[in-house]
Amino acid sequence: MSTFWNWWAIICTLVFFVLMVSVVVKYWRSNHKADQDHTVGTFDNIEEKDAPPPKLLFVSYAIAFVISAGYLVLYPGMGEWRGLVDWQQSDDRLSSPSTSLDEQMAMQTQTDLNILALVPEIVASGQILFQTHCAACHRDNAQGQKHFPNLIDQEWLYGGDDNAIIHSIAKGRNGAMPGWNEILRPDEISKMSYYLASLNQRHTDVPEVKVELGKSLFIQNCASCHADGTVANPTIGVPDLSDSIWLHGGSIEEIQHTINYGLNNLMPAFEGQLTANEILALGAYIRHSEHTEVERLAALKADSVERGEYLAHAGDCVACHSAEGGEPFAGGLPFVTPFGTVYSTNITPHASEGIGRYDFDDFRDALVKGKGKEGYLYPAMPYTSYQYLTDQDMIDLWEYMQSIPAVSRRNDDNSMIFPSNIRLGLLGWNIVFMDTDPIDYQVPQELKESVEDVEKWQQGKYWVAGLGHCSECHTPRNIAQALIPERIFQGNLIDGWNAPDITANELYIDGWDEKTLTDFLNTGHSDKGTAFAGMADVVKNSLSLMTREDIESMSYYLLQGDTHNMISPDAVPLQPKGFDEAAYQSDIYTTYRQTCGACHGDDGKGRDPIAPTLLNNGIIMHSDPFNTVAVTVRGLQPTYLDKDRNFMPMASFEEVLSDQSLAELITFVRKNLGDRHDPVTPEYVREVRETLEAAGYAGGLHTTPDMYDRRDNNIHIK
């Protein structure tokens, strides 16, 4: 600094300081002249008084001036004056790495990023540069966010060697994909999205033929860049579409949006802003972060991860923590309650969007106490059941959740009404309604004679009461949405379907045995019917991925019963005989043949692969006819559990049969094919229909899958 500018800075600083002190002293000396009863002016009938400033204000100014004068004496602040403590900018902890970077790099004989990543000083410099220039897009830990890639997962669009990384930072990248919305029809784009989702074994509720047609369309239109979608091309930045990494969102909706409108992503070039050494430091920090992530994953125990994956399947975690057609474990599924809508959260190990900043204790608190890092959880998360997990199973589940890909999907905001939106209130809910007593694995005295295999019964109880959390859907809830333990497994309405009564008494009367129940739970198919709606999803995402031995233990436990869940001494199994001669001759049988017989057979025994049996069907035999009525009103889409055993769609009869006709038909079918003799009334049919219509569940003759996507999700059924 020249002598002129040195004295210019000193004089300006001192003059400004003296002026500020003078102004405050002037007002201090004239303070006594102020008159708080004197009105200076009136504005919209608001009077401004000439009241004196409080003495505290002047005392504060005096303290500030003294501190300022002391700072100017001790530290640099006036021209080239270095201060009595002789402090300089390079002494700053945050500035030191940047100012000494060239010196640090000069000591290195190689520019290999793996070697530079071992030098703490260079990594520290790179981290500061990353926070300044890169974190806004790639997050502060380099895990990325939607549209901006994760830089620590060893998956690189343009290659992950040193040259590619340095090139990306220095020269930038520009990835482009054309939109196809003016070339392909919406249904063709839908088929392509189903094919892409199937590449990473994602379940979609569509027939296999749509996936095959989607593959043909993809090969025809996209193969020049993507081949069949399973091969990456780092030369031009084409991703592998068969893995679980989706830069622009991997839900069905987001995949379709990408195909429709294309992409034009730009990574800016930094060679004009950063020196060569700074770019190398950035690369070293990225490589260091990548190594840290690799070490974290390597520290996970393989056996524990494998067991944890099995437990995650058993707990059906993916079903609740994945939006409809969305990425696994990324959250976004709405749960409509009487108090508003709550959305499941992202539980992937993403630091900002998921649970990447959780440790095991945080995970355990969320899993078994309903306490997250951001506050208490809503009991839509079945922590009241998960609390029964063993400590080892919790550790294994945690290990697995740390091993899955991080997804950058942001959590949705809940829309809960007051006071339900106050998280602390959920602590009170836990205190009042959550039973924290250890689970009792002793066979009740009343069942000791009938339970021959105690170990199997106990194992079944562990799965049913804990990870299986069967009671969460199949048990009625009170006004506070807490389970009623005295009515365990007695059924509950969810999403316009009845999660039916599965008490031991009901199962016994309806003729279930261990084989048929195990077949049903493990495959979704049995001699007593086929799983549909929410239960089909449970089979698809959870029960079908468990061993038959574990499912058999669950069946054994459910059939034997437990406390508040025992077979009544006077219970008698139903024995439907099918249509007799009188039934065939009745007028209502003509209605049955016209509406049901073509698919389910004139005798009601079903037709593979058209429709399941109605004779001896668990839903037809059930004491509550709700689902039988709901199926006829809503229609039913195939579950696509098994492409070789899928039945045809069932049309809705809402616009075909009146409430009176439906009541007569259902009464006829339940009597002859289910041995249920209580009549179904037109009033009951109307009540069910109006309930379903109010929520948008009722269909027309040709019900389509997307009808359910367009319904009002803010309407709560019961």
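Residues numbered from 1 in each chain as written. Predicted model: local features only at pLDDT ≥ 70, side-chain atom pairs only at ≥ 80, totals over all residues. Heavy atoms only, no water.

Novice: Report on the UniProt feature "domain: Cytochrome c" (unreviewed entry) in the protein chain, specifying residues and quantitative values.
Specialist: Residues annotated by UniProt as "domain: Cytochrome c" (unreviewed entry) correspond here to residues 121–200, 209–290, 303–405 and 580–673. Spanning residues 121–200, this segment combines 51% helix with 6% strand, and its end C-alpha atoms are found 41 Å apart. (UniProt positions renumbered as here; feature names shortened; annotations may be inferred. Helix = DSSP H or I, 4+ residues; strand = E, 2+ residues; numbered from the N terminus.)

Novice: How would you summarise the environment of Ser168 if you had to cite specific residues and measurements?
Specialist: Summarising the element assignment, Ser168 is placed in helix α8 (residues 162–171). Take Ser168: its relative accessible area is 17%, and that puts it in the buried class. Along the primary structure Ser168 and Asn221 are separated by 53 residues, whereas in three dimensions their C-alpha atoms are 29 Å apart. When neighbours within four sequence positions are excluded, Ser168 is seen to be in contact with Arg173, Met267 and Pro268. (Buried < 20%, exposed > 50% of the residue type's maximum accessible area, 1.4 Å probe, protein only. Contact = heavy atoms within 4.5 Å.)

Novice: How would you summarise the pattern of salt bridges if you had to cite specific residues and measurements?
Specialist: Tallied over the full model, the rule gives 27 salt bridges. A salt bridge links Glu254 to Lys146; its shortest N-O distance comes to 2.6 Å. In this pair, Glu254 is assigned in helix α11 (residues 252–261) and Lys146 in the loop between α7 (135–138) and α8, connecting sequence segments 108 residues apart. A salt bridge links Arg548 to Glu552; the nearest nitrogen and oxygen atoms lie 3.7 Å apart. Taken together, the residues Arg548 and Glu552, both in helix α24 (residues 548–560) and 4 residues apart, mark about one turn of the helix. (Salt bridge = Lys/Arg side-chain N within 4 Å of Asp/Glu carboxyl O.)

Novice: For the UniProt feature "transmembrane region" (unreviewed entry) in the protein chain, give the residues involved together with the corresponding values.
Specialist: Those places that UniProt annotates as "transmembrane region" (unreviewed entry) correspond, in this numbering, to residues 6–28 and 56–75. Summarising residues 56–75: 95% helix, 0% strand, and an end-to-end C-alpha distance of 28 Å.

Novice: Tell me about the packing of aromatic side chains, and please be specific about residues and values.
Specialist: Under the defined criterion, the tally for this structure stands at 23 aromatic pairs. Consider the rings of Phe329 and Tyr400, whose centres lie 6.4 Å apart with planes at 75°: the pair is edge-to-face. With a gap of 71 residues between them, Phe329 in the loop between α14 (317–320) and β5 (334–337) and Tyr400 in helix α17 (residues 391–403) connect regions that are remote in the sequence. Pairing Phe579 with Tyr589 gives two aromatic rings, centres 5.4 Å apart and planes at 80°, and the pair type is edge-to-face. Of this pair, Phe579 sits in the loop between α24 and α25 (581–585) while Tyr589 sits in helix α26 (residues 587–600); the two residues are 10 residues apart in sequence, bridging distant segments of the chain. Tyr589 matches Phe579 in its accessibility class, with the two residues each being buried. Above the ring of Tyr27, the side-chain terminus of Lys26 is found at 4.9 Å from the ring centroid. We note Lys528 situated over the ring of Trp512; from NZ or CZ to the ring centre the distance is 5.6 Å. (Phe/Tyr/Trp six-rings, centres within 6.5 Å; stacked < 30°, edge-to-face > 60°. Lys NZ or Arg CZ within 6 Å of the ring centre and 35° of its normal.)

Novice: Which residues make up the sheet that holds strand β6 (residues 340–343), and what values do they have?
Specialist: Within the open sheet, the 3 strands sit side by side as β5-β6-β9. Their pairing is antiparallel. Of all strands in the sheet, those with a lone pairing partner are β5 and β9 (415–416), marking the two edges. Alignment of β6 against β9, held across 2 bridges, turns out to be antiparallel. The residue bridging Gly340 from the neighbouring strand is Met416, located in β9. (Pairing = 2+ DSSP bridges.)

Novice: Residues and numbers for the pairing of β5, please.
Specialist: Here β5 runs beside β6; their pairing, made up of 4 bridges, is antiparallel. Bridge pairing in β6 links Phe335 to Val342. Between the antiparallel neighbours β5 and β6 lie 2 residues.

Novice: Can you explain the nonpolar core? Please cite residues and give values.
Specialist: Most often, soluble globular proteins keep nonpolar side chains buried together rather than apart. Ranked by internal contacts, the top residues of the largest apolar core, which has 55 residues, are Leu367, Leu389, Trp463, Met546, Met554 and Leu558. Looking at this core, the elements with two or more residues in it are α13 (302–314), α15 (360–369), α16 (383–386), α17, α19 (454–465), α22 (514–523), α23 (533–541) and α24. Per-element tally for this core: the top contributor is α24, with 6 residues. The residue makeup of this core includes at least three contributed by each of domain 3 (308–433) and domain 4 (454–560). Formed by 34 residues, the second largest nonpolar core is a distinct cluster that contains Val631, Phe653, Leu657 and Val685. (Core = buried A, V, L, I, M, F, W, Y, C linked by side-chain atoms within 4.5 Å. Domains from an automatic or database assignment.)

Novice: Kindly report on the side chain of Ser304, identifying the contributing residues and their values.
Specialist: The topology assignment puts Ser304 in helix α13. If sequence neighbours within four positions are ignored, Ser304 has contacts with Ile395, Asp396 and Glu399.

Novice: An account of α8 is requested, with residue identities and associated values reported.
Specialist: Among all positions of α8, only Asp162, Ala164, Ile165, Ser168, Ile169 and Ala170 are buried. Residues of α8 that are buried make contact with α5 (113–116), β3 (173–177), β4 (263–267) and α12 (276–298).

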